[in-house]
Amino acid sequence: MSDCTGTAFTLTVFGESHGPAIGAVVTGLRPGTVIDEAFVARQMDKRRAKGKISTARTEADRVRFVSGVYQGRATGTALTLLIENENTRSGDYAKTADLLRPGHADYTAYAKYGGYQDARGGGHFSGRLTAPVVAAGSIFTKMLEDKGVVIATHLAKCAGVEDAPFSRDPETLLRQARQLNEKDFAVLDEVRGAAMTRAIEAAAAEGDSVGGVLETVVLGLPAGVGEPFFDSVESVLAGLLFSIPAVKGVEFGDGFALAGLRGSQANDPFRMQGGRVVTTQNRNGGVNGGITNGMPVVLRTVVKPTPSIYKVQQTVDYAAKRNATLQINGRHDPCIVHRARVVQDSLVAFGLADLCAQQFGTAWQEGSSWNTD
Ligand SMILES: Cc1cc2nc3c(=O)[nH]c(=O)nc-3n(C[C@H](O)[C@H](O)[C@H](O)COP(=O)(O)O)c2cc1C
Ligand SMILES: C=C(O[C@@H]1CC(C(=O)O)=C[C@@H](OP(=O)(O)O)[C@H]1O)C(=O)O
């Protein structure tokens with residue numbers, strides 16, 4: 001069973017999109033860890049569907065902590081949080097119940113669970129399950145922020161429109177990261193952001209959907225975080241990021257572009273700066289040998305176009321075992337990228353907090369230094 005992930009901390013998600021509630025269980029929290037419900041609510045708002053560029057299924061997404069929290073702090077025993085599904089319209093799926101949606105998990109869930117799965121709205125395979133991921137992940141985002149680690153993601157590309165790149169200047173990059181975390185639609189260049197929004201709306205007007213690339217930076221992590229071989233920073237984060245429904249690619253640093261470079265270009269030269277080891281460029285994305293090197297961790301994911309579109313599609317009728325056509329109605333995101341950005345932040349936070357706990361023990365949360373000497 002792998003609805004559960006993590007080592008020092010664990011995160012379990014449960015529920016179905018059209019069931020009564022979805023939720024998460026977190027274990028391993030140091031007693032006294034701050035659970036800032038206002039911060040959690042702000043993060044949830046970034047994932048909330050808004051306007052024509054998102055699904056019309058708007059959910060309040062109120063997070064109810066039902067165990068493991070007392071007077072705003074973690075008790076140290078299992079923390080459980082619940083989010084009710086309040087705006088389901090299962091009837092939308094009734095007419096097409098046996099018609100497998102191309103690109104979605106209808107067929108694969110059938111193949112695995114033999115018809116016992118809750119198929120309404122994609123059930124457990126709905127992007128809806130990312131709501132508890134954000135709620136739980138926010139605890140780790142806050143934990144890292146309190147330690148001076150800033151995680152920020154922008155829509156590097158969406159609907160074919162590219163955002164401005166992250167700055168290479170450390171101070172400007174930190175300012176950009178902080179500004180992104182205040183934004184609803186996370187772009188560095190608002191003009192390009194407006195072009196993205198128009199392109200999403202244009203695809204939606206045609207009954208179609210679009211995808212894009214989410215780029216994350218993590219600032220303020222010390223060198224030395226990451227475990228040997230199978231729990232390298234890249235292995236852990238990629239595993240978590242591929243769990244986000246619709247993510248089909250992950251790369252670190254210059255990623256696939258490294259294939260076209262020479263070693264003399266790909267190696268990040270070391271220098272001393274203010275008593276610290278730094279590199280003069282960051283093509284390896286702040287990770288060498290699976291361990292952080294103290295430079296910004298940089299990674300990108302590919303988010304595919306939403307599978308549920310309104311154009312007529314070829315499929316099969318699984319009950320009748322014959323070819324069929326599918327015309328979806330119902331409420332779907334014409335684009336997932338802008339909503340998935342905070343899911344990405346949350347899972348990066350969880351993965352890195354878990355690796356920090358393995359490196360420093362859960363006491364790493366205390367005080368302002370990392371005790372790295
Ligand atoms: C925040 C979020 C919202 C999503 N909204 C929709 C949606 O409205 N309609 C849809 O068909 N897929 C949506 N998806 C994507 C599907 O859940 C996903 O494509 C599906 O589970 C199949 O998984 P795969 O694409 O990883 O193979 C959403 C994903 C996320 C993360
Ligand atoms: C409800 C959310 O998104 C849902 C994700 C989703 C999917 O297939 O992933 C399909 C749609 O569900 P429904 O058909 O029930 O409206 C989206 O609305 C959410 O993200 O909170």
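Because the structure is a prediction, the values reported are computed rather than measured.

*Asks:* Whenever I open this one, the overall build of the protein chain confuses me. Can you help?
*Replies:* Scanning the protein chain for helices and strands turns up 9 helices and 18 strands. In terms of its C-alpha atoms, the protein chain occupies a principal-axis envelope of roughly 70 × 50 × 35 Å. For the protein chain, long-range pairs separated by at least 24 residues make up 74% of all intrachain contacts whose partners lie at least 6 apart in sequence.

*Asks:* I'm lost on the sheet that holds strand β10 (residues 212-219) in this one. Help?
*Replies:* Taken in spatial order, the 5 strands of this open sheet run β9-β8-β10-β16-β11, and their pairing is antiparallel. Two strands in the sheet have a free side with no partner beyond their single neighbour: β9 (161-162) and β11 (247-252). Both strand β8 (residues 150-158) and β9 contribute to a ladder of 2 bridges, which runs antiparallel. Each bridged residue has a counterpart across the sheet, and for Cys158 the counterpart in β9 is Val161.

*Asks:* I tried to follow unusual backbone geometry on my own but got confused; where do I start?
*Replies:* As a rule of thumb, non-glycine residues mostly have phi less than zero, and peptide bonds are mostly trans rather than cis. One non-glycine residue, Asp61, lies in the positive phi region at around 50°. Mapped onto the elements of the fold, Asp61 is located in the loop between α1 (37-47) and β4 (64-67). Residue Asp61 is classed as buried on the basis of its C-beta count, with 21 C-beta atoms lying within 10 Å. Even without being a glycine, Lys321 presents a positive backbone phi close to 55°. Locating Lys321 in the fold gives a position in the loop between β17 (313-317) and β18 (322-326).

*Asks:* Sorry, what's going on with the UniProt feature "binding site: FMN" (unreviewed entry) in the protein chain here?
*Replies:* Summarizing the sequence annotation, UniProt attributes the feature "binding site: FMN" (unreviewed entry) to His124, Phe125, Ser126, Gly289, Lys304, Pro305, Thr306, Pro307, Ser308 and Arg331 in the numbering used throughout. Their sequence span is 208 residues, while the largest C-alpha to C-alpha distance among them is 44.1 Å; these annotated residues do not converge on one region. With respect to the helices and strands, the residue Gly289 is situated in the loop between β14 (287-288) and β15 (291-292).

Reading the values: the criteria
- Residues numbered from 1 in each chain as written.
- Chains lettered and ligands numbered in written order.
- Predicted model: local features only at pLDDT ≥ 70, side-chain atom pairs only at ≥ 80, totals over all residues.
- Helix = DSSP H or I, 4+ residues; strand = E, 2+ residues; numbered from the N terminus.
- Contact = placed C-beta atoms within 7 Å.
- Pairing = 2+ DSSP bridges.
- Buried ≥ 20, exposed ≤ 12 C-beta atoms within 10 Å, placed from the backbone.
- UniProt positions renumbered as here; feature names shortened; annotations may be inferred.

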